[in-house]
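# Coordinate analysis (summary)
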Number of protein chains: 2
Amino acid sequence: MSPYLNLDSLRQAARALPEGSSAAAAAVRARQATLTKPAGSLGRLEALAEWLARWQGRPMPRLDRVEIIVFAGNHGVTRRGVSPFPADVTAQMVANFTAGGAAINQLAAVAGATLRVLPLSLDSPTADLAVAPAMDEASFLAAVSLGHAAVAPELDLLCLGEMGIGNTTAAAAIAAALFGGDGRRWAGRGTGLDELGMARKRAVIDAALVRHAAHLDDPLSVAACLGGRELAAILGAVLAARQHGIPVLLDGFVCTAAAAPLARLSPGALDHTMIAHVSAEAGHRALAASLGMTPLLDLDMRLGEASGAAVAVPLLRAAAACHTGMATFAEAGVSAGSGG
Amino acid sequence: MSPYLNLDSLRQAARALPEGSSAAAAAVRARQATLTKPAGSLGRLEALAEWLARWQGRPMPRLDRVEIIVFAGNHGVTRRGVSPFPADVTAQMVANFTAGGAAINQLAAVAGATLRVLPLSLDSPTADLAVAPAMDEASFLAAVSLGHAAVAPELDLLCLGEMGIGNTTAAAAIAAALFGGDGRRWAGRGTGLDELGMARKRAVIDAALVRHAAHLDDPLSVAACLGGRELAAILGAVLAARQHGIPVLLDGFVCTAAAAPLARLSPGALDHTMIAHVSAEAGHRALAASLGMTPLLDLDMRLGEASGAAVAVPLLRAAAACHTGMATFAEAGVSAGSGG
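Residues numbered from 1 in each chain as written. Chains lettered and ligands numbered in written order. Predicted model: local features only at pLDDT ≥ 70, side-chain atom pairs only at ≥ 80, totals over all residues. Heavy atoms only, no water.

To continue, consider the side chain of A:H323. All names here are of chain A. Here H323 shows up in helix α14 (residues 307-325). Looking at H323, its side chain comes within polar contact range of the side chain of Q32, at 2.8 Å. In this view, H323 contacts V28, R31, Q32, L35, A49, P59, M60 and P61; residues no more than four positions away in its chain are not counted. (Helix = DSSP H or I, 4+ residues; strand = E, 2+ residues; numbered from the N terminus. Polar contact = N/O pair within 3.5 Å; in protein donor to acceptor, adjacent residues only side chain to side chain. Contact = heavy atoms within 4.5 Å.)

As structure tokens, this is what we get:
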């Protein structure tokens, strides 16, 4: 059932990803030039239509089946006071998702998306990354495989998000390990940490970078030593989406950090993903820049739970609707423009 | 039928606008603090919920009736070669709107909004603003009144947009008259002007500023001398929305310039409006800054026809849905956070 029995097979998969459809992308550009609007005037919506078409492998992109998956995990590092919320809140929020009371429930409805919540062994937090690998290889691969298997192959769009008290510490440590810098550069306030808490968080990240220094050359070891189960599941889901031809909206800082090891393993491995929203969490803008990605939205959000991804879904619907529904100049009897 | 018989009555109305509901806004802030999320973590969505509540006068904002109105007008200044498209395209695009083939038709469907298109005397273009007032007082007031009367009092949200070949020239002239600077500062490429066309457009704007210099102290004279019928109608609709308690999403550069005279007449007159999207048209970012407004989206669009406003509607739906639908910490049994 698990597609990845060891780190090598996972590494190979990440280096053998299918390309998108250049033909579908070219068809989108050709059609865009005929639609009743000044050339290029829909800006990023035109680029989004092309991106959807390329990764769906269809000249006319569809968004009939949009799914949001929120992976949840617990983190041993919470014992070091890196979050103002107790670790119990992870499970409490999973219950809130199930009951329909969280932000993501409302946002999924607005987005016209189905929502699935997948808790990963909440009763067995990962190890404290300041002193030990967060996960051993088997635990890491199990979480990656769970995330991989969670992706239904017939989706038109996948939105990924996470819930896990303490996981901005893990994300900051991953960003530091992959792109350089220390706790001061990458740590943010998370759910609302005060100055003393921030000092603890930075120190934990710096300690983890020293503790695991011998293993940080390998992006997958970074994900295992410094990450968390929900981050590993996101990594697996991003891989599966690529293999199934499903474009992906990544949520904020944690979600981007979870996917980032793939980009370090294989340039272009995240080309089928887009960062939906640049988080107010300190490190996200720099992480997006390090990955060469330009987020779609900037609304000062920092909630996680796929909220930023869900809010961006209607932009993709707008892009697809314009591309597939607009009349051409010829169909509408509208005169085309000259140079000036 | 026309509420505005002369410029004085219009000026008085703009200076006697109702305030929003501070009580509704305070109720939103109080409820936000109890919802199952870290304080402030929904960022601008929280501010949008408060803005909707304040201007709807309801602690629980609704978006059941959202309407998009696109006003269309023709401009005598097109004879000077300020657009790569012929003036006939205004009427052709109105037909395209009616037939459902334009971008705004697709975007209105995604937004869950009704769409109305109101052409204003397309067979009688305004005068060439380089040599004469675009409109006399009677024509201007008629267009303002038409826009005012077009707003149904029971709407929950109004999105405004325009169509009019040549109207970015009018908008740039208005921006220059209200906020200083010349054609070089405010003129953009509109639907895709080349360098020669840009030189003509700048020269026309500069000539208009000289020709009408004696009348540019009064913001309403600015709107009459330099604007257009569709811009005047937008001004009237913005006023009506305020009087009826309807928040407004303004579209791009032309729409913002159309409303801007109200802000010069009366500080706060646009507080019930939001700029939905910062246009790629050159002057829009500076115009928004001059008005102290922060656009919601930046997607490199420059189409007009309310497209930017329509794309932003789902953000407001997201804000309202989170505010009204989320569970409180007490309801969900979730532990609240400490300082760190």
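Don't stop here, the text continues.
Residues and elements named next belong to chain A. Look at helix α9 (residues 195-211): 24 Å from first C-alpha to last across 17 residues, which is about the 24 Å you get at 1.5 Å a residue. Taken together, the buried positions of α9 are occupied by G197, M198, K201, R202, V204, I205, A208 and L209. Projected down its long axis, α9 carries its buried residues within an arc of 160 degrees, all on one side. Across from the buried face of α9, at angles greater than 90 degrees, the exposed residues are L196 and V210. Lining the buried residues of α9 we find α7 (167-179), α8 (183-186) and α10 (219-226). (Expected span 1.5 Å × (residues − 1). Buried < 20%, exposed > 50% of the residue type's maximum accessible area, 1.4 Å probe, protein only. Arc of directions from axis to C-beta.)

Moving on, we come to the packing of helix α3 (residues 44-56) of chain B against helix α14 (residues 307-325) of chain B. Residues and elements named next belong to chain B. Contact pair α3 / α14: the axes reach a minimum separation of 8 Å and the direction vectors enclose 85 degrees. Viewed along their axes, α3 and α14 adopt a mutual orientation that is roughly perpendicular. Here α3 contributes L45, L48, A49, W51 and L52 to the contact with α14, which in turn contributes L315, L316, A318, A319, A320 and H323. When grouped by side-chain class, the residues that make up the contact of α3 with α14 number 10 nonpolar, one polar and no charged. (Axes fitted to C-alpha atoms, helices over the stretch in contact; angles between N-to-C directions. Parallel < 35°, antiparallel > 145°, perpendicular 65-115°, else oblique. Nonpolar A, V, L, I, M, F, W, Y, C, P; charged D, E, K, R; others polar.)

So, about the relation of the copies chain A and chain B. Superposition of the two copies of the chain requires a rotation about an axis together with a shift along that axis. By a simple turn and slide, chain A fits onto chain B: the slide is 0.0 Å along the axis, the RMSD is 0.0 Å, and the turn is 180 degrees. Such a turn and shift between the copies fits a two-fold axis. Most of the interface of chain A is mirrored in chain B, where 98% of its interface residues again form contacts. (Least-squares fit on C-alpha atoms with pLDDT ≥ 70 in both.)

Here A:S266 lies in the loop between α12 (253-265) and β5 (273-275). With residues up to four places along the chain from it excluded, the contact list for A:S266 reads A:A14 and A:R15.

This part takes up the environment of A:G147. All names here are of chain A. Within the element layout of this structure, G147 appears in helix α6 (residues 137-149). Owing to a relative accessible area of 0%, G147 belongs among the buried residues under this scheme. Separated by 144 residues in the primary sequence, G147 and P3 have C-alpha atoms spaced 11 Å apart. Sequence-distant contacts of G147, defined by excluding residues within four places in its chain, comprise F71, A233, G236 and A237.

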